[in-house]
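So the chains spell out like this:
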Amino acid sequence: MTETIPQPRAAEEEAIADSPAVGAGLLVFAPLRFEANAVRRGLTKPTSQVQRTGMGATRSQKSTAQSNQGSFSAMVVMGTAAGLAADLSPGDLVVATEVSDGETTVELPGADLLAAELRRAGLNARVGRIVQVKKLINSSERTRLAADGFIAADMESAALVSASTGRPVAVIRAVSDGGFGPGMITGGMAALRSLRAAAPVAERWAAACRERTVLLAGPRSFCAGVERAIEIVERALELRGAPVYVRKQIVHNTRVVSDLEQRGAIFVDELDEVPNGATVVFSAHGVAPAVRSDAVQRSLSVIDATCPLVSKVHAEARRFAEKGYTVALIGHAGHEEVEGTLGEAPDSTVLVQTAADVAGLSVPDPSKVAFLMQTTLAIDEAADVSGALREKFPQMRAPGSDDICYATTNRQAAVRAVAVEADMVLVAGSKNSSNSVRLVERSEREGTPAHLIDGATDIDLSWLTGVSVVGLTAGASAPPAVVSEIITALSGLGTVTVTERVTTTESVQFGLPREVRR
């Protein structure tokens, strides 16, 4: 599958014959002299240009038509604006998600990425819709525009973005006042300071702009166990009403947890935070038997969302322990899945994290050792540790089937397929997601830089400088929508061609517990 996402263009835009000059860089359009001077003082690169266009749409269009627009590779409209949202203050920056003159609207898909970079630079920045007005507006007009969903107003942006002629374009406006009026004088000083501070960020944005290929790893995102766990909480809320308590994060993803919280789920660390008799869901990572006993004593209504593949490892731990084996559990200390598995047979199970740990491992009977694995380990990492165990305990028993889950294995194979072709890899997933972290490590073992991000706003523009091919995947707990959002954000930096690399297809499905079956 290959798809190309072009740069947005205004409906009336016409191509300009001039070709970008060698060494072309950022072109900033600033309507007024004091705005242009503020931006110019903040710029750091000799290839950056500032052009004053004059106030209002007519002057702006005339100015851009008379200029040599071929000598830039990316364009930013920068200037002051009237804040329409009540929570905006003088000096705050608004990065436009779209600009409209009331008739024509141009969407600017990279706004979130640019606003995040401004915030990392210590500036107050938010995204939103900017409206171009024909004249200074009064308070009633500001109220009407705010009600229509606009957060800032200016007199030039919609006219100026059409001059980008298909090249990357952004709009950064600094709030000078809650409206056009006397407050603009004092608020204008704060706005000009913000414009100057934003100028080098605009240059970093321009340096990251180019046409790109995104290699999309397949499979990616949700696995069957994660889909099941999320659906269990959703159905519990539907059938039993809010609140529904969830012990630990249902899956390790901040977006998923936030979404469920908004629907009425309450996430707790331990059961003593749950009222007696309430409904509680055990997370996909599983729990130790002691937690289940505590729930019974508290008369809690339990719905178990433990992934069936984790439950398999729990059953193996009990079976080996009952037969007198010492169970070497390969995994990461502190991970909830590991804690649950250790709790199944605490007197018979030891945690082994690295091959170096094996050297100091002492067991009652070297002929009765078995090993199990955390389901989200890196395949190479697990093989190193299990190999060290096998060398020390030649008679060691293995699990009946591979403990590393199919989704972990498949996503690691898929990310490797894109990493070998990419300049850099982005992995959508949260920092506490073991399987997502392993995808970063898998890419890095191929010699390709990789970054773990919860979403597009976590992308540092410096990562993209000089990068033409981006590998993109998502951990098994990351929503598919995040991948789409990242591609959209990248398309704001230049035309994006998306090509999918599918290494296998998945058809696994798990049934729901009886408590939430309709």
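Residues numbered from 1 in each chain as written. Predicted model: local features only at pLDDT ≥ 70, side-chain atom pairs only at ≥ 80, totals over all residues. Heavy atoms only, no water.

**Description of the state of the cysteines**
- Counted by the stated rule, this structure contains zero disulfides.
- Of the cysteine sulfurs around Cys223, a residue in no disulfide, the closest is that of Cys405, at 5.7 Å.
- Judged by relative accessible area, Cys223 falls into the buried class, the value being 10%.
- Free of any disulfide, Cys307 has its nearest cysteine sulfur in Cys223, 6.1 Å distant. (Disulfide = S-S within 2.5 Å. Buried < 20%, exposed > 50% of the residue type's maximum accessible area, 1.4 Å probe, protein only.)

**Let's talk about the packing of aromatic side chains**
- Scanning the model with the defined rule gives one aromatic pair in all.
- Geometrically, the ring pair formed by Phe320 and Tyr325 is edge-to-face, given 5.7 Å between the ring centres and 65 degrees between the ring planes.
- Here the basic side chain of Arg167 rests over the ring of Phe72, its NZ or CZ set 3.9 Å away from the ring centre.
- The ring of Phe320 has Arg319 lying over it, and the distance from NZ or CZ to the ring centre is 5.4 Å. (Phe/Tyr/Trp six-rings, centres within 6.5 Å; stacked < 30°, edge-to-face > 60°. Lys NZ or Arg CZ within 6 Å of the ring centre and 35° of its normal.)

**What about the sheet that holds strand 14 (residues 301-304)?**
- Within the open sheet, the four strands sit side by side as 12-11-13-14. Their pairing is parallel. The outermost strands of the open sheet, each flanked by one partner alone, are strand 12 (265-268) and strand 14. For this sheet the average axis-to-axis angle between neighbouring strands, irrespective of direction, equals 30 degrees.
- Looking at chain direction, strand 11 (residues 244-247) and strand 12 are connected through four bridges and run parallel. Across the sheet, Tyr245 pairs through a bridge with Ile266, a residue of strand 12.
- Contacts from helix 9 (residues 289-297) reach strand 11, strand 13 (279-282) and strand 14 within the one sheet, and its direction differs from that of strand 13 by about 170 degrees. (Pairing = 2+ DSSP bridges. Helix = DSSP H or I, 4+ residues; strand = E, 2+ residues; numbered from the N terminus. Axes fitted to C-alpha atoms, helices over the stretch in contact; angles between N-to-C directions. Contact = heavy atoms within 4.5 Å.)

**Here we look at the nonpolar core**
- Ranked by internal contacts, the top residues of the largest apolar core, which has 58 residues, are Met78, Leu118, Trp205 and Ile486.
- No other element matches the ten residues that helix 6 (residues 183-208) contributes to this core.
- When near neighbours in sequence (up to four residues on either side) are disregarded, Trp205 contacts Ala74, Met75, Val76, Leu114, Pro168, Val169, Ala170, Leu461, Gly492 and Leu493.
- Counting 27 residues, the second-largest nonpolar core is a separate cluster that includes Phe222, Ile232, Val257 and Ala265. (Core = buried A, V, L, I, M, F, W, Y, C linked by side-chain atoms within 4.5 Å.)

**Topic: unusual backbone geometry**
- Following Gly218, the chain continues into Pro219 via a peptide bond in cis, with omega recorded as 5 degrees.
- Considering the arrangement of structural elements, one finds Pro219 in the loop between strand 10 (212-218) and helix 7 (224-240).
- Here the residue pair Ala242 and Pro243 is connected by a cis peptide bond, since its omega of 0 degrees sits within 30 degrees of zero.
- Along the polypeptide, Pro243 turns up in the loop between helix 7 and strand 11.
- One non-glycine residue, Thr165, lies in positive phi territory at about 45 degrees.
- Along the chain, Thr165 turns up in the loop between helix 5 (157-161) and strand 9 (169-177).
- Even without a glycine there, the phi angle at Ser299 is positive, about 55 degrees.

**Thoughts on the environment of Arg204**
- Topologically, Arg204 is positioned in helix 6.
- In this structure, the C-alpha to C-alpha distance between Arg204 and Val131, residues 73 residues apart in sequence, is 26 Å.
- With residues up to four places along the chain from it excluded, the contact list for Arg204 reads Glu117, Ala121 and Leu461.

**Examining the packing of helix 7 against helix 8 (residues 254-263)**
- The contact between helix 7 and helix 8 brings their axes to 11 Å, and the two run at 10 degrees. One finds that helix 7 runs roughly parallel with respect to helix 8. Taking contact as the criterion, the partners of Ile230, Val233, Glu234 and Leu237 in helix 7 are, on helix 8, Val256, Leu260 and Arg263.
- Its residues assigned to classes, the contact of helix 7 with helix 8 shows five nonpolar, no polar and two charged. (Parallel < 35°, antiparallel > 145°, perpendicular 65-115°, else oblique. Nonpolar A, V, L, I, M, F, W, Y, C, P; charged D, E, K, R; others polar.)

**Quick notes on the confidence of the model for the protein chain**
- Residues with a pLDDT of 70 or more make up 93% of the protein chain, whose mean pLDDT is 92.
- Scored below 50 in pLDDT, residues 10-23 shows 23 contacts in the model against residues more than four places distant or in partner chains. (pLDDT = per-residue confidence, 0-100.)

**Brief notes about the pairing of strand 8 (residues 150-154)**
- Most of strand 8 sits inside the fold, with five of its five residues counted as buried.
- In this sheet, strand 8 lies alongside strand 4 (residues 72-83) in antiparallel orientation, the contact comprising two bridges. Its bridge partner lying in strand 8, Ala82 is registered against Ala153.
- With four bridges connecting them, strand 7 (residues 125-132) and strand 8 associate as parallel partners. Bridging from a neighbouring strand, Gln132 pairs with Asp154 of strand 8.

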